[in-house]
Amino acid sequence: QVQLVESGGGLVQAGDSLRLSCAASGRTFSTYTIGWFRQAPGKEREFVAFSTWPGSTNYADSLKGRFTISRDNAKNTVYLQMNSLKPEDTALYYCAASRGAGGSYLRGPNAYDYWGQGTQVTVSS
């Protein structure tokens, strides 16, 4: 069982940066792949990035270069650094945990077993 809590969201202006955190409970955190997804009102949940427990990362093509995922296994925390934010980045951002070790299937929400409650990011123009 893994419990996830997101934080760091807020209201910012276009061009600003935010760093989201995903804090996890459980001694086996380092053996989970952690993914970030987002969902805007009226839209489907969208893949953002994932960090696998063996140490690889993967990003949505449209976000590569602006968003960076990192993890600190000692702190049981995964971060999502978001730079040059745009109004279209406005969404509820979720982190999720999967026992998967890698592969493109981790870009889909069905690969994840545990989800946090989400943190809201709003970017004004």
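Values in this document were obtained by computation on a predicted structure and should not be read as measured data. (Residues numbered from 1 in each chain as written. Predicted model: local features only at pLDDT ≥ 70, side-chain atom pairs only at ≥ 80, totals over all residues. Heavy atoms only, no water.)

> How do you make sense of the overall build of the chain when you look at a structure like this?
Along the chain, the regular secondary structure elements total 0 helices and 11 strands. Of the regular secondary structure in the chain, the N- to C-terminal order runs β-β-β-β-β-β-β-β-β-β-β. Computed over the C-alpha atoms, the radius of gyration of the chain is 13 Å, within 12% of the 14 Å expected from 2.2 N^0.38 for a compact globule of 125 residues. Across its three principal directions, the C-alpha atoms of the chain cover 40 × 25 × 25 Å. (Helix = DSSP H or I, 4+ residues; strand = E, 2+ residues; numbered from the N terminus. Rg over C-alpha atoms; globule rule 2.2 N^0.38 Å.)

> Would you take a moment to explain the nonpolar core for this structure?
Among soluble globular proteins, nonpolar side chains are generally buried collectively. Counting 36 residues, the largest nonpolar core has Ile-34, Trp-36, Val-48, Phe-67, Leu-80, Met-82 and Tyr-93 as the members making the most contacts within it. Of all elements in the fold, only strand E3 (18–24), strand E4 (33–39), strand E5 (46–51), strand E7 (67–72), strand E8 (77–82), strand E9 (91–98) and strand E11 (119–124) reach the threshold of two or more residues within this core. Top contributing element to this core by residue count: E9, with 5 residues. Not counting residues within four places of it along the chain, the set of residues in contact with Tyr-93 comprises Glu-6, Leu-20, Trp-36, Phe-37, Arg-38, Val-48, Phe-67, Leu-80, Met-82, Gly-118, Thr-119 and Val-121. (Core = buried A, V, L, I, M, F, W, Y, C linked by side-chain atoms within 4.5 Å. Buried < 20%, exposed > 50% of the residue type's maximum accessible area, 1.4 Å probe, protein only. Contact = heavy atoms within 4.5 Å.)

> When you look at the side chain of Ser-98 in this model, what are you seeing that I'm missing?
With respect to the secondary-structure elements, Ser-98 resides in strand E9. In this structure the side chain of Ser-98 is engaged in a polar contact, spanning 3.0 Å, whose partner is the backbone nitrogen of Gly-100. Polar contacts involving the side chain of Ser-98 include one to the main-chain carbonyl oxygen of Ala-111, which spans 2.8 Å. (Polar contact = N/O pair within 3.5 Å; in protein donor to acceptor, adjacent residues only side chain to side chain.)

> Sorry if this is basic, but what is going on with the sheet that holds strand E1 (residues 4–7) here?
The pairing of strands in a sheet comes from backbone hydrogen bonds and takes either a parallel or an antiparallel form. Strand order in the open sheet formed by 4 strands is E1-E3-E8-E7, and the pairing between neighbours is antiparallel. Since the sheet does not close on itself, it has two edges, and those belong to E1 and E7, each with one partner. Each strand of the sheet is rotated relative to its neighbour by a mean of 15°, with strand direction disregarded. For E7 and E8, the ladder comprises 6 bridges, and the chain directions are antiparallel. When the sheet's bridge partners are listed, Phe-67 is paired in E8 with Met-82. (Pairing = 2+ DSSP bridges. Axes fitted to C-alpha atoms, helices over the stretch in contact; angles between N-to-C directions.)

> I'm lost on the pairing of E4 in this one. Help?
When a strand is regular, its side chains alternate between the sheet's two faces. Taken across its 7 residues, E4 has 6 buried, putting it largely inside the fold. Judged from the 7 bridges that link them, E4 and E9 form a sheet pairing that is antiparallel. Each bridged residue has a counterpart across the sheet, and for Trp-36 the counterpart in E9 is Cys-95. Counting the residues between successive antiparallel strands, the hairpin from E4 to E5 contains 6 residues, one of them, Gly-42, with a positive phi of roughly 80°.

> Got a minute to help me understand unusual backbone geometry in this structure?
Leaving glycine out, the prevailing phi sign among residues is negative, and the prevailing peptide bond configuration is trans. One non-glycine residue, Asn-76, lies in positive phi territory at about 55°. With respect to the element layout, Asn-76 can be found in the loop between E7 and E8. Residue Ser-84 is not a glycine yet carries a positive backbone phi of 50°. Tracing the backbone shows Ser-84 in the loop between E8 and E9. Taking relative accessible area as the criterion, Ser-84 reaches 41% and is therefore assigned partly exposed.

> Can you help me understand the packing of aromatic side chains in this one?
Two aromatic rings, taken as a pair, are described by how far apart their centres are and by the angle between their planes. The tally for this structure, following the rule as stated, stands at 7 aromatic pairs. Both rings, one in Phe-37 and one in Tyr-112, keep their centres 5.2 Å apart while their planes meet at 80°; by these two values the pair is edge-to-face. Remark: Tyr-112 occurs in the loop between E9 and strand E10 (114–115) and Phe-37 occurs in strand E4; sequence separation between them is 75 residues. Taken together, Phe-37, Phe-47, Phe-50, Tyr-94, Tyr-112 and Trp-115 form an aromatic cluster joined through their ring pairs. For the cation-ring pair, Arg-19 lies above Tyr-79, with the distance from its terminal atom to the ring centre recorded as 4.1 Å. Positioned over the ring face of Tyr-94 is Arg-45, at 4.0 Å from the centre of the ring. (Phe/Tyr/Trp six-rings, centres within 6.5 Å; stacked < 30°, edge-to-face > 60°. Lys NZ or Arg CZ within 6 Å of the ring centre and 35° of its normal.)

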